Amino acid sequence: SPMNNVQTGKKYPSCLITGGLHDPRVAYWEPTKFAATLRHANPDNENPVCMKVDMSSGHFSASDRYEHYRGLAYDYSFVLDQLGLGERHHSHGEFQIAVAK
């Protein structure tokens, strides 16, 4: 289990942990527990540990092409932000993700 390998006080890189509510291989609580374990073991880590659970898909992401593209855009926006290329809000300097519905 990945949770058994988490070390207290170790600096981990930025993480975007994903899961699907209807995943038959990895239950939705497994990525949730992993994210919580990382956060609890390293509360002073300045790198974000983010989690995204898709409430309508399973192990292989969304079956709808546009939902799949929306998920990829979300993942890419996280990577671009971690590279310092994300959109910045002018007054606060915080990263914001805009998801079109």
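Located above this text is the structure these notes cover.
Scoring rules and cut-offs
- Residues numbered from 1 in each chain as written.
- Predicted model: local features only at pLDDT ≥ 70, side-chain atom pairs only at ≥ 80, totals over all residues.
- Heavy atoms only, no water.
- Helix = DSSP H or I, 4+ residues; strand = E, 2+ residues; numbered from the N terminus.
- Buried < 20%, exposed > 50% of the residue type's maximum accessible area, 1.4 Å probe, protein only.
- Contact = heavy atoms within 4.5 Å.
- Phe/Tyr/Trp six-rings, centres within 6.5 Å; stacked < 30°, edge-to-face > 60°.
- Polar contact = N/O pair within 3.5 Å; in protein donor to acceptor, adjacent residues only side chain to side chain.

A. Fine view of the overall build of the protein. Within the protein, the regular secondary structure consists of two helices and two strands. When the elements of the protein are put in sequence order from the N terminus, they spell out β-α-β-α. Every one of the 101 residues in the protein was classed for burial, and the buried ones make up 22%. Within the protein, residue pairs in contact and separated by at least 24 positions form 66% of the contacts whose partners lie at least 6 positions apart.

B. Layout of the packing of aromatic side chains. Across all of its chains, the model carries two aromatic pairs by this definition. Note on Y28 and W29: the rings are 5.2 Å apart at their centroids and 75 degrees apart in plane angle, and the pair reads as edge-to-face. Taking the relative accessible area as the measure of exposure, W29 reaches 44% and is therefore partly exposed. Seen from their ring centres, Y66 and Y69 are 6.3 Å apart, and the 80 degrees between their planes marks the pair as edge-to-face. With Y66 and Y69 both in helix α2 (residues 65–82), this residue pair falls three residues apart, about one helical turn.

C. Inspection of the side chain of N45 at higher detail. Looking at the secondary structure, you find N45 in the loop between α1 (29–41) and β2 (49–54). A distance of 3.0 Å separates a polar side-chain atom of N45 from the backbone oxygen of Y12. For N45, the residues in contact, after removing those within four places along its chain, are K11 and Y12.

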